[in-house]
Amino acid sequence: VSSTASTSTLAATGGAAAKASSKEEPIKACFVSLVRNEDLWKLADTIKNVQDRFNDKFNYPWVFLNNEVFTEEFKHVIGGIVSGPAKFEVIPPAYWSYPDWIDQEKAAQTRIAMKDIIYGDSESYRHMCRFESGFFWRHEALDEFDWYWRVEPETKLHCDIDYDVFKWMRDNDKKYGFTISIYEYEATIKTLWSTTQEFLKLHPEHVAEDNMMDFISKDNGKKYNLCHFWSNFEVASLDLWRSKAYRDYFDYLDQAGGFFYERWGDAPVHSIAAALFLPRDQIHYFPDIGYYHPPYNNCPLDQDIFDKGKCTCNQDADFTFQGYSCTSRFFEVNKMKKPQGWEKFKG
Ligand code: GDP
Ligand code: MN
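Residues numbered from 1 in each chain as written. Chains lettered and ligands numbered in written order. Predicted model: local features only at pLDDT ≥ 70, side-chain atom pairs only at ≥ 80, totals over all residues.

### Quick word on the site of ligand 1
Turning to step 1, where the next piece is worked out: In the region of ligand 1, the neighbouring residues are Leu 34, Val 35, Arg 36, Asp 39, Asn 66, Asn 67, Ser 124, Met 128, Glu 152, Pro 153 and Asn 232.
Turning to step 2, where the next piece is worked out: Classifying every residue of the shell around ligand 1 by side-chain character gives four nonpolar, four polar and three charged. (Near = placed C-beta within 6 Å. Nonpolar A, V, L, I, M, F, W, Y, C, P; charged D, E, K, R; others polar.)

As structure tokens, this is what we get:
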């Protein structure tokens, strides 16, 4: 374990280092799903699948967040599927609204100008991305937890997971885990990188010594290469977002207004922060968590992993080493050995 300046920054705010050393302590972890009432049936299938593949063995609690009140039907159906406690929570309006410095007329013009870009015309999508970037981890329903696993409707786990993923993260000193990475649409984040560069000039102290800049940039930070971890799946430490580094970063981005004047996604925001504020060995790719979010799969190519997990995905449809994925790059910059058969996805 390296003891860089940034590790101590993170540890100081959340006491993560102290917790990581006490391996016998119970893990304070939960699933978290931001969903609408109309997501009920798609979410129900996903949750049943997560229960069957993992959580029936571990019974971690589940936190459901919504900008509206959950219906009785939603609570009844979902509450009947989960094996641990469930909380159904409303998001405080301050976490899902315009800050007073945002020019709402300018924001509306942006939505018209971006109508041909995916979700470019959507106001709610922008609130969603801002919430997932800056606020879900501040919701009081999460105060009691140190770790979370994000789950979205329409996603699927392809394989059995018979170990405690949260405990594994803690015991191996990981802070951020992903399954799929991909390039962002440049049109949605035109000034995200220049804004990040301004922030880094003001706060060089937040950058970890052995960071993963080489995953997100080909030229040591002059340009962003658009690579990001797909945040619809995340297993991560809440202390990462609760840290001074990340709070300062989010506040700076929020002031700049790009969540509304562009369409900054929580995925590039989380990914840039994880890549720069964490030492590289605290970011983990899960080769064994078979996962689907439309339209991409993480399907284990390693035959032992596939067989052991009773996976039900088609390995030929694995996205990991395809051209539009960034995970090849992740393997390369971290000097990891790619699984047998990865070459057939090249080019
Ligand atoms: P995509 O994965 O980028 O296509 O976006 P999704 O439509 O899957 O939205 C991301 C997550 O936010 C999912 O868990 C959605 O259920 C949730 N979500 C999106 N918009 C809203 C919204 O307006 N209200 C609530 N409560 N959840 C939302
Ligand atoms: Mn989604």
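### Topic: the UniProt feature "active site" (unreviewed entry) in the protein chain
Turning to step 1, where the next piece is worked out: The feature "active site" (unreviewed entry), as annotated in UniProt, sits at Glu 234 in this numbering.
Turning to step 2, where the next piece is worked out: Considering the arrangement of structural elements, one finds Glu 234 in strand E9 (residues 234-237).
Turning to step 3, where the next piece is worked out: Taking the C-beta count within 10 Å as the criterion, Glu 234 has 22 such neighbours and is therefore assigned buried.
Turning to step 4, where the next piece is worked out: The contact partners of Glu 234, leaving out residues within four places of it in the chain, are Arg 150 and Phe 178. (UniProt positions renumbered as here; feature names shortened; annotations may be inferred. Helix = DSSP H or I, 4+ residues; strand = E, 2+ residues; numbered from the N terminus. Buried ≥ 20, exposed ≤ 12 C-beta atoms within 10 Å, placed from the backbone. Contact = placed C-beta atoms within 7 Å.)

### Overview of the sheet that holds strand E11 (residues 291-293)
Turning to step 1, where the next piece is worked out: Taken together, the three strands give an open sheet; going across it, the order is E5-E11-E12, and neighbouring strands pair in antiparallel fashion. Each end of this open sheet is capped by a strand with a single partner; those strands are strand E5 (156-157) and strand E12 (296-298). (Pairing = 2+ DSSP bridges.)

### Things to note about the sheet that holds strand E6 (residues 176-178)
Turning to step 1, where the next piece is worked out: Spatial strand order, E3-E2-E1-E4-E9-E6-E10: seven strands in an open sheet with mixed pairing. Two strands close off the open sheet at either side, each with one partner strand: strand E3 (86-90) and strand E10 (283-285). Neighbouring strand axes in the sheet, compared pairwise and without regard to direction, differ in orientation by 20 degrees on average.
Turning to step 2, where the next piece is worked out: Across four bridges, the pairing between strand E1 (residues 29-34) and strand E4 (residues 147-150) is parallel. Each bridged residue has a counterpart across the sheet, and for Ala 29 the counterpart in E4 is Trp 147. (Axes fitted to C-alpha atoms, helices over the stretch in contact; angles between N-to-C directions.)

### Points about unusual backbone geometry
Turning to step 1, where the next piece is worked out: With an omega dihedral of 0 degrees, the bond running from Pro 294 to Pro 295 counts as a cis peptide bond.
Turning to step 2, where the next piece is worked out: Mapped onto the elements of the fold, Pro 295 is located in the loop between E11 and E12.
Turning to step 3, where the next piece is worked out: Of note in this structure, Tyr 119 is not a glycine but carries a positive phi near 60 degrees.
Turning to step 4, where the next piece is worked out: Turning to its location among the elements, Tyr 119 is positioned in the loop between helix H5 (104-113) and helix H6 (123-134).
Turning to step 5, where the next piece is worked out: A positive phi angle, close to 75 degrees, is found at Leu 226, a residue other than glycine.

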